[in-house]
Amino acid sequence: MLPCYGDALPLSLFLTFFYQKKTRCIMDRECSQLLPSVCAVLADSRQLVADDTFLEKFLDWFKTLTETESSLLLLQENPCLTELITCVLKLKDPSSSTLSFILRLTGIFAASESCFQYLQQRELLISLFGEVGPLSSALWEEASVRSGWVQGVHSMVQHQSALHFLCSCGAIDVIFTLQGDPSLFVASAANQLLVHVLTFSLQSFQTKPENIKDCDWPICAQKLIVHIEESLKSNSASRIKQSLKLLTSVFGCCHDLWTEVLWSRLSERIVYLLEEEPVHAGHSLVDLFLSMARSPVFSCPECSLWTSVTCALEHLNPAQVGRLAVGVLKLQECPQAVKIQALSVLLQPMDCVLKAASQPLEYPGLLNRSVNDSATVETLLSCRSSCASLLCQTLTHLEELQYLTCLPVDLPHIPLLQSVVTILQFCIGLATPASCLGNKISRILIGCFRVQRSALDILGALSHWESPSVFIGSVFDILLAYLKSPDTSPTVLKKSFQATLKWLVSLSEAPSSKDHWQQTEQFLRDLFLVLQKRLCSPYWEVRDSALEFLTLLVKHLREKEWFRQVLFSSEVPKLTEDLLEDPESYVRASAVTAMGQLSFLTHLISKKPGVENGNVKEKSIVAQLKEILSTDSEGFPRRAVISVFIDWLREGHPDVLKDTEQFVSSVLQAVNSDLDWEVKAGGLELAEVFSAQILGRLGLAACPYAAVLSSATRSTHLSESLQIFCQVKLFEFLFGALCDCDRPVAQKACDILIALKAELCDESSLKEGTSAGLSTEARGIAWLEETLRRWSSCAKPCPRGDADEAGSQDPNGVLLVLRTVDLEGLHRSLNRSSDHIEKSPQSLLQDILATVGTLEENEADCY
Amino acid sequence: MLDCGLDMTSTLNFLPLPLVQSPRLSKLPGWVLKDGNTFLDKELKECSGHVFVDSVPEFCLPETELLDLSTVDVILISNYHCMMALPYITEYTGFTGTVYATEPTVQIGRLLMEELVNFIERVPKAQSASLWKNKEVQRLLPAPLKDAVEVSTWRRCYTMPEVNSALSKIQLVGYSQKIELFGAVQVTPLSSGYALGSSNWIIQSHYEKVSYVSGSSLLTTHPQAMDQASLKNSDVLILTGLTQIPTANPDGMVGEFCSNLAMTVRNGGNVLVPCYPSGVIYDLLECLYQYIDSAGLSNVPFYFISPVANSSLEFSQIFAEWLCHNKQTKVYLPEPPFPHAELIQTNKLKHYPSIHGDFSNDFKQPCVVFTGHPSLRFGDVVHFMELWGKSSLNTVIFTEPDFSYLEALAPYQPLAMKCVYCPIDTRLNFIQVSKLLKEVQPLHVVCPEQYTQPPPTQSHRTDLMIDCQPPAMSYRRAEVLTLPFKRRYEKIEIMPELADSLVPLEIKPGISLATVSAVLHTKDNKHVLQPPPKPAQPPASKKRKRVSDDAPECKPLKPLLSGSIPMDQFVQTLEKHGFSDVKVEDTAKGHIVLLQEAETLIQIEEDSTHIICDNDETLRVKLRDLVLKFLQKF
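None of the values given here were measured: they were computed from a predicted structure.

Colleague: What's the story with the overall build of chain B in this structure? I'm lost.
Modeller: The helix and strand inventory of chain B stands at 17 helices and 29 strands. Over its C-alpha trace chain B gives a radius of gyration of 36 Å, far above what one expects of a compact globule, namely 26 Å for 634 residues. With 634 residues in all, chain B has 48% of them scored as buried. Long-range pairs, those at least 24 residues apart, make up 70% of the contacts in chain B with a sequence separation of at least 6. As displayed, chain B has an accessible area near 31700 Å², and 52% of this comes from carbon and sulfur atoms.

Colleague: Sorry, what's going on with the overall build of chain A here?
Modeller: Within chain A one finds 45 helices and zero strands. Looking at chain A as a whole, 54% of its 863 residues qualify as buried. At a minimum sequence separation of 6, the contacts of chain A that also span at least 24 residues come to 74%. Within the structure as shown, chain A displays about 38500 Å² of accessible surface, and the carbon and sulfur contribution to it stands at 52%.

Colleague: Whenever I open this one, helix α23 (residues 436-445) of chain A confuses me. Can you help?
Modeller: Residue and element names in this part refer to chain A. Inspection of α23 places L437, G438, I441, S442, I444 and L445 among the buried residues, and these make up the whole buried set. What you see down the axis of α23 is that its buried residues fit within an arc of 170 degrees, all on one side. The inward-facing, buried residues of α23 contact α19 (336-356), α20 (374-381), α21 (384-402), α22 (413-427) and α24 (449-461). Once α23 ends, the next one or two residues include G447, with phi positive near 80 degrees.

Colleague: I'm lost on the sheet that holds strand β4 (residues 98-102) of chain B in this one. Help?
Modeller: Strands belonging to one sheet form pairs held by backbone hydrogen bonds; the direction of such a pair is parallel or antiparallel. All names here are of chain B. Taken in spatial order, the three strands of this open sheet run β3-β4-β5, and their pairing is parallel. Across the chains shown, the open sheet's two edge strands, defined by having one partner strand only, are β3 (74-76) and β5 (170-173). Going across the sheet, the axis of each strand differs from the next one's by a mean of 30 degrees, ignoring polarity. Two elements, β4 and β5, share four bridges in a ladder whose sense is parallel.

Colleague: How should the packing of α21 of chain A against α24 of chain A be read in this particular structure?
Modeller: A packed helix pair is summarised by two numbers, namely the angle formed by the two axes and the spacing between the axes. Residues and elements named next belong to chain A. Direction vectors running N to C along α21 and α24 enclose 20 degrees, while the axes themselves pass 9 Å from each other. The angle between α21 and α24 falls in the class roughly parallel. Note that α21 runs across α24; the crossing there is left-handed. Judged by residue contacts, A388, S389, C392, L395, T396, L398, E399 and Q402 of α21 engage R450, V451, S454, A455, D457, I458 and A461 from α24. A breakdown of the residues in the contact of α21 with α24 according to their chemical character gives eight nonpolar, four polar and three charged.

Colleague: Hey, could you run me through the nonpolar core in this one?
Modeller: Soluble globular proteins tend to pack their nonpolar side chains together in the buried interior. Judged by nonpolar contacts, the single largest core of 383 residues is most densely connected at F58, F62, W149 and L459 of chain A together with F370 of chain B. When residues in this core are grouped by element, the largest group, eleven residues, is from α19 of chain A. The residues contacting W149 of chain A, other than those within four sequence positions of it, are L103, L128, F129, L135, W140, A171, V174, I175 and L178 of chain A. Counting 21 residues, the second largest nonpolar core, distinct from the first, contains V213, L437, V445 and Y451 of chain B.

Colleague: What's the story with the packing of aromatic side chains in this structure? I'm lost.
Modeller: Each aromatic ring pair is characterised by the separation of its centres together with the angle its planes make. Evaluated as defined, the whole model comprises 42 aromatic pairs over all chains. Relative to F338 of chain B, the ring of Y282 of chain B lies with its centre 5.2 Å away and its plane at 45 degrees, an arrangement referred to as tilted. Residue Y282 of chain B is found in helix α7 (residues 280-294), and its partner F338 of chain B is found in the loop between α9 (325-331) and α10 (340-345); the two are separated by 56 residues along the sequence. Look at Y282 of chain B and you get buried, because its relative accessible area is 0%. Aromatic pair Y405 of chain B and Y421 of chain B: ring centres 4.5 Å apart, planes at 15 degrees, arrangement stacked. Here Y421 of chain B lies in strand β16 (residues 418-421) and Y405 of chain B lies in helix α13 (residues 405-409), a separation of 16 residues in the sequence. According to the relative accessible area criterion, Y421 of chain B is partly exposed, its value standing at 28%. One aromatic cluster is present, built from ring pairs that chain together Y303, Y352, F359, F363, F384 and W388 of chain B. Directly above the aromatic system of F600 of chain A lies the positively charged group of R558 of chain A, at a separation of 4.4 Å from the ring centroid.

Colleague: What is the right way to look at the interface of chain A and chain B in this model?
Modeller: The parts lose accessible area when they come together, and the size of an interface is often stated as this lost area. If you look at the interface, chain A gives 26 residues, while chain B gives 21 residues. Note on chain A versus chain B: buried area summed over both sides is about 2000 Å², and carbon and sulfur give 52% of it. Area buried by chain A at its contact with chain B is led by R443, K533 and C536 of chain A, which between them contribute 28% of it. Scanning the region where chain A abuts chain B turns up two salt bridges. In this structure, the salt-bridge partner of E256 of chain B is K533 of chain A, at a minimum N-O distance of 2.8 Å. Joining chain A to chain B, the criterion identifies six residue pairs in polar contact (both at pLDDT 80 or more). Of all the secondary structure elements, the ones that give two or more residues to the side of chain A that touches chain B are α23, α27 (517-535) and α30 (572-578) of chain A. Classifying every residue of the side of chain A that touches chain B by side-chain character gives twelve nonpolar, six polar and eight charged.

Colleague: Quick question: what am I supposed to make of the sheet that holds strand β10 (residues 236-240) of chain B here?
Modeller: Residues and elements named next belong to chain B. On the basis of which strands lie adjacent, the open sheet formed by seven strands has the order β6-β7-β8-β9-β10-β17-β18 and mixed pairing. What marks the edges here is a single partner per strand, and that holds for β6 (179-181) and β18 (473-475). Geometrically, the sheet is characterised by an average inter-axis angle of 20 degrees between neighbouring strands, direction not taken into account. Examined bridge by bridge, strand β7 (residues 185-191) and strand β8 (residues 199-204) share six bridges and lie antiparallel to one another. Looking at the pairing, Q186 lines up with Q204 of β8.

Colleague: Looking at this structure, I do not really get the packing of α24 of chain A against helix α26 (residues 490-509) of chain A. What am I missing?
Modeller: Residue and element names in this part refer to chain A. Axis separation between α24 and α26 bottoms out at 8 Å; the angle between their running directions is 10 degrees. For the element pair α24 / α26, the angle class is roughly parallel. Each of F449, Q452, R453, L456, D457, L459, G460 and A461 in α24 lies in contact with α26, whose residues at this interface are T491, V492, K495, S496, Q498, A499, K502 and W503. Along the lines of polarity and charge, the residues of the contact of α24 with α26 split into seven nonpolar, five polar and four charged.

Colleague: I tried to follow the environment of L86 of chain B on my own but got confused; where do I start?
Modeller: All names here are of chain B. Of note, L86 is situated in helix α2 (residues 86-92). Once the C-alpha coordinates of L86 and D41 are considered, the two residues, 45 residues apart in sequence, prove to be 34 Å apart. Excluding residues within four positions of it along the chain, L86 makes contact with C4, I75, V99, M113, A166 and I170.

Colleague: Can you help me understand the state of the cysteines in this one?
Modeller: The bond known as a disulfide is covalent and runs between the sulfur atoms of two cysteines. Residue and element names in this part refer to chain A. Counting across every chain of the model gives zero disulfides over all chains. Summary of cysteine pairing: C167 is not part of a disulfide, and the nearest cysteine sulfur, belonging to C220, is at 3.2 Å. With no disulfide of its own, C352 lies 10 Å from the sulfur of C387, the closest cysteine sulfur. Classification of C352 by relative accessible area gives buried; the value is 6%.

Colleague: I would appreciate a short explanation of the pairing of β4 of chain B in the present structure.
Modeller: Put simply, side chains in a regular strand alternate between the two faces of the sheet. Residue and element names in this part refer to chain B. Counting buried residues along β4, four of its five residues qualify, which places the element largely inside the surrounding structure. Pairing analysis gives three bridges linking β3 to β4, with the strands arranged parallel. Within β4, the residue paired with I75 across the bridge is V99. You can see the chain leave β3, run along α2 and come back into β4, and the turn it takes is right-handed.

Colleague: Mind showing me how you'd approach the side chain of S691 of chain A here?
Modeller: Mapped onto the elements, S691 of chain A comes out in helix α36 (residues 677-697). Aside from chain neighbours lying at most four places away, what touches S691 of chain A is F725, L730 and L756 of chain A.

Colleague: Help me understand the pattern of salt bridges, please; the structure alone is not making it clear to me.
Modeller: As a working rule, side chains carrying opposite charge can pair if their charged atoms are close by. Residues and elements named next belong to chain A. Under the criterion given, the structure shown has 42 salt bridges over all chains. Residues D632 and R588 are paired through a salt bridge, measuring 2.8 Å at the closest nitrogen-oxygen approach. Remark: R588 occurs in helix α31 (residues 585-606) and D632 occurs in the loop between α32 (614-631) and α33 (635-651); sequence separation between them is 44 residues. Residue D632 shares its accessibility class with R588, and that shared class is buried. Ionic contacts of the salt-bridge type, sharing partners, join the residues R558, E559 and E651 into one network.

Colleague: Sorry, what's going on with the pairing of strand β17 (residues 444-448) of chain B here?
Modeller: All names here are of chain B. Counting buried positions over the five residues of β17 gives four, a clear majority of the element. By the bridge criterion, three bridges tie β17 to β18 in an arrangement that is parallel. What sits directly across from C447, in β18, is S474.

Reading the values: rules and limits
- Residues numbered from 1 in each chain as written.
- Chains lettered and ligands numbered in written order.
- Predicted model: local features only at pLDDT ≥ 70, side-chain atom pairs only at ≥ 80, totals over all residues.
- Heavy atoms only, no water.
- Helix = DSSP H or I, 4+ residues; strand = E, 2+ residues; numbered from the N terminus.
- Rg over C-alpha atoms; globule rule 2.2 N^0.38 Å.
- Buried < 20%, exposed > 50% of the residue type's maximum accessible area, 1.4 Å probe, protein only.
- Contact = heavy atoms within 4.5 Å.
- Areas by Shrake-Rupley, 256 points an atom, 1.4 Å probe, with all protein chains shown as cover.
- Arc of directions from axis to C-beta.
- Pairing = 2+ DSSP bridges.
- Axes fitted to C-alpha atoms, helices over the stretch in contact; angles between N-to-C directions.
- Parallel < 35°, antiparallel > 145°, perpendicular 65-115°, else oblique.
- Left-handed = near helix turned anticlockwise from the far one by under 90°.
- Nonpolar A, V, L, I, M, F, W, Y, C, P; charged D, E, K, R; others polar.
- Core = buried A, V, L, I, M, F, W, Y, C linked by side-chain atoms within 4.5 Å.
- Phe/Tyr/Trp six-rings, centres within 6.5 Å; stacked < 30°, edge-to-face > 60°.
- Lys NZ or Arg CZ within 6 Å of the ring centre and 35° of its normal.
- Buried area = accessible area lost by both parts, 1.4 Å probe.
- Salt bridge = Lys/Arg side-chain N within 4 Å of Asp/Glu carboxyl O.
- Polar contact = N/O pair within 3.5 Å; in protein donor to acceptor, adjacent residues only side chain to side chain.
- Disulfide = S-S within 2.5 Å.
- Right-handed = clockwise from strand over helix to strand, strands pointing away.

Written as structure tokens, this is what we have:
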């Protein structure tokens, strides 16, 4: 039975809801009794199990069981399990799902060597995984059976006996075949199995032999290596890719010394693959090199891996090699020459773009020398199908580099910035092509949103470099062009806003910010003109993005006087306020957040002479937001309001400070009747901040450096705090939330109440309470229930006049309730997911039986 | 003749015609030549460094010198904007042909002409300037007057009787209707998606097809969607009427329009939208219908002022069959296809024939006014420019792309009101043209020269030109172009009785031939094969008939021969028939068979055979029959 957190949660549940049941990880008696029936059902081919997820859960349970109990004992104590395997093997026509289940179940048991022997003696393993088993049956055509087989073998290979079994029964060859299975799931699982087999068989092989040809590798591993070698030598692109994928996983998950031996054996063949024209498995090779480069085994600068990586950077297609280049640049341990080459690879397309828009000799380019033949890059850039994707990839990779804390090579950031600006100019037809390639690029890029987005991302990222004024000017120009253009798509506009924000914040924080002050101020003026227009856009996405941008801008720059001046000389604040009434709820929410930030500034501005009605305006904004909280039909604006109020309370907004208690009281009252759980959670956060502030103000906060108060002072402060909490009806709100049907709300309320209890109900108060005769026993359970019910009902909207009487709280009574209610127990039960009873294995077994019994009936119902 | 548009940019050289006396305009100083000569100061006025003609505005007519327009048989009209010069053609050139256009084109074209005539006639101007047109004088004037072309041909606006007379010469057509022109070609209008009733035309004979694509749009606006499929397989596609502002995307411009409108009104300003009374205004009103509530503009009045405002709004609702699919569906609900009906019902949109009368009573500010003319030289817009121009709270938003907004504003300078340029031109842009051409694949494209090179102001924008293979043939003003196809075939009808008499002979599998002897009868470019007249009866009397009465002389029919003569077999045949000394010589064109004994030559070539013998008719006939054995007769 699911615990119910409906709005009528019985109060007695608070007192009795301490039932706790851990998920069982052992086979208990009830399960042992149910298991034979379940096995009988599964072994009966006439009984179809409708829901496969039962089988998955069943397997999960056995996996957990075998981790904690002896598998052999489990089989011996529950012979029905072995019988099940035998029965299914004997079935003429088992269902594919049952057979797959049996394969996986057997694999789980056979993972234990003793259990393996047990099953081997009964010839069950050879019947399931050998050539005579499902392999030769018609059901092998089913991907689920092949997948079950692979997973079973994977589970089983945890000991040497299993490895020998694999080699002797020919299963290893089956796995090789399954690498190319038409089902991607099976192929991937087979590949992972081979990785597991190789690493497991070689895990004891830790020393580097003198002569790799004479090394005494296990037969299984030998077989695998030969298979990989043959695949790499084959002409089949798919076989080559499978082997490269396998090697990638091996080098990725295993960093033992034998991997170096393996590489020495295969490197020649892999370099040969790189030199082929054209390279077929470029992406797989990149994956392999990246996987190896991250392994400490190959980190030595003299390692032959780096020669291969250099070769790959030279030979692979620029569209493929970018990932390798950026991966190499992120490595700590990598020869500097390789890093420089990797950077050149990434810069080459940017260099081509820059040159395509510059007159000869006007700009020398981004690179001193080209690593690759620039003709290849130029060909890719002049083709419509490859130009945008190459540029997007390159820009994304270069952007990744900007966020590296320590870039190991010098990045020519000014030419890079120029090239990014040039790309953005090309994209809106502002760049003047200087060559034939430039003409082609221009035609391809104009209106290309993908490239615009990527270029704007990196433009923003480049803001953290110090740039000369002339380049800042060109950045501002291109940003304004995008922000102004009516053809800028909403997503590109959002990116433009993000890049603009980054540049403005960076410039305001830069030591040389005064040098750019005039430039920035003019840009801001132009920006606010654009922003005004965007705030009036007919498209809600645009209005929303503009408001989000404004919020962040104010948040980051509100301390700057020049920013405030420009902002308040524009129409932006007024338009933002108008948008509080926007028909689109997302926009209203964003307008609320923006006004929340702006109101800090309007307050500052209103202090100055010459700004009229600032105070009046400010009041009206608070009132407007409260009205939205109480009346807006959509959740987003109400959530935004509560979030603004939390910020205001935290940051000490002047209007809140005027009468904090009244403010909190009115907000909690509005939130209490809200049906949206996120608004309630916001209200609880507000309550938490408020209570912490009150306790802190009175020196009761748990601060390790605070002076220790005398018990008398502490007691006075406690009672003051309690008085305030009672005045704002904090406990009514918290207990109301505790009864909320949404678990996160109840959990949060419980957390806050526990914290308050810890502060307010210390030993002394407890003593005082007891001495005053306010114990639970004295008042009895009936009284407690009555009190909570009264609070709970008073938390709901009451007719005017009744609220005060019903809601009046006696501070001592509050203390008593806090002490009486087992908040900790309630906290535990709330922390459990609502389906914890459903998750028990007993329930699972019962469900399997029940479903099988009702299957026919359900089917009839369907018709 | 394909279209007859009127170049109204000439009016930009004239001073605006104010509805009420404008002290500012009347006080403008006369223009004085550099040498101080003042003889033009009555005709030309100076305003903020620009010189304007102080006279009734005049229009630049279509080219009339190149060909005699009285010889034009047919004028095909693409859309209502492309017929504004019609009265000048039909009433002044001796034109006696027929004009073809769709019904909405004619009705809305009439509204545009009516509005134009009304705008000009209701403000009569006593002065008519002509001195400045003198070529010698024009040379001395500042630009742009100095550079104006063919000013001597500029004409005043036509009158309503002329409009009515011109429109009476129009024959209405429907989309996909096939119209025979003198039997020579068939013309068909197709929906072009640009405006109500706008058309592209197919001009085709049995074997040639020419498409005329002018003013088309692939965007989903109010008119019926463009019919592209019917343009396929054209020998020549004449392409014109592309967007005038290829860099301005209409969607983005509509967004700009709405944003600027809202910003102005929120700040307490008025918005003036100079526009035509039909076309984009329907789409703008539809956008505003959706936008005004969300922008909090529900209480702002929208005024549409035009002598034809009422007719335009009502006409738009009744041309259901010419509308896009969505709007057509609405009609069956039944609902008015355009939402401006609801705007009118709810009093959010009010329309007036002019600023006089009811409008002056209802006028409230801030407001949005849609009115003409987009050139800002005549119409009610002149009044609003004078009224609102002084305040920076107000905004004029240009949406029509036909006029340079800077030139339009020149006589109003200095101007405090904000000016926003949001040209909304839904016609094809170059990307759409490129897709269209790939889709319909004409053999040749013919277009104005301007479309084959980037715009002069943006020479690096090679994407703003037509890019097709083979390259488009371009033409410029007054250039005579030979279209790249020749008429090689004509379709000829065979009368049934003649067809009955034919006996086809299969010469190859699937190919049969028959000889036809008939009389070719050609009338109205239709060709018919009729049975030949029966052999003439012997004359009843010896009296000689007049030649014209004679039936065509009918000679006895000889069979036609075909095939080739295999020389070896021919020689063997000759030998069988007793010719023993046969020699064959190869020549450049065939063979010569020499019968030495008979002193006879048989010259066999691809298309002729000659038997040269010495007056021996029997021998010749014998040899002829031997030759004929190897040939097929039919």
